[in-house]
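Architecture and fold: a report
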Amino acid sequence: MDPPASLDEAIQSAIGRKLRESWQEVVNEKVPDKFRDLLDQLKRSEGPDQENGGREN
């Protein structure tokens, strides 16, 4: 059986850099108000103990 294919470190680094450049604009986009409202509704529906990710302070 042939060993799994691999990319050298320079190629992996270049691919990672290009992916970060390509997606940076998407990452920086503002979350639409409607989506934020839906997330807030979901958080409220889960109850008060879920507001901090289920952790108590």
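On the surface, Leu7, Ile11, Ile15, Leu19, Trp23, Val26 and Val27 cluster together into a nonpolar patch covering about 680 Å² of accessible area. Looking at the element boundaries, Val26 is found in helix α1 (residues 9-27). Classification of Val26 as partly exposed rests on a relative accessible area of 41%.

This paragraph deals with the pattern of salt bridges. For the structure on display, the rule yields two salt bridges. Glu21 is paired through a salt bridge with Lys18; the nearest N and O atoms lie 3.7 Å apart. Of this pair, Glu21 and Lys18 both sit in helix α1, three residues apart, which is roughly one turn of the helix. Judged on exposure class, the residue Glu21 and its partner Lys18 are both exposed.

Let's shift gears to helix α2 (residues 33-45). Compared with the 18 Å implied by 1.5 Å per residue over 13 residues, the 18 Å span of α2 between its first and last C-alpha is a close match. Gly47 sits one or two residues past α2 and shows a positive phi near 100°.

Moving on to the environment of Leu7. Along the chain, Leu7 falls in the segment before α1. The exposure class assigned to Leu7 is partly exposed, which follows from its relative accessible area of 46%. Excluding its chain neighbours within four sequence positions, the residues that come into contact with Leu7 are Gln12 and Ile15.

Definitions and cut-offs
- Residues numbered from 1 in each chain as written.
- Predicted model: local features only at pLDDT ≥ 70, side-chain atom pairs only at ≥ 80, totals over all residues.
- Heavy atoms only, no water.
- Patch = residues over 30% accessible without salt bridge, like charges linked within 9 Å, V, L, I, M, F, W, Y side chains within 5 Å.
- Areas by Shrake-Rupley, 256 points an atom, 1.4 Å probe, with all protein chains shown as cover.
- Salt bridge = Lys/Arg side-chain N within 4 Å of Asp/Glu carboxyl O.
- Helix = DSSP H or I, 4+ residues; strand = E, 2+ residues; numbered from the N terminus.
- Buried < 20%, exposed > 50% of the residue type's maximum accessible area, 1.4 Å probe, protein only.
- Expected span 1.5 Å × (residues − 1).
- Contact = heavy atoms within 4.5 Å.

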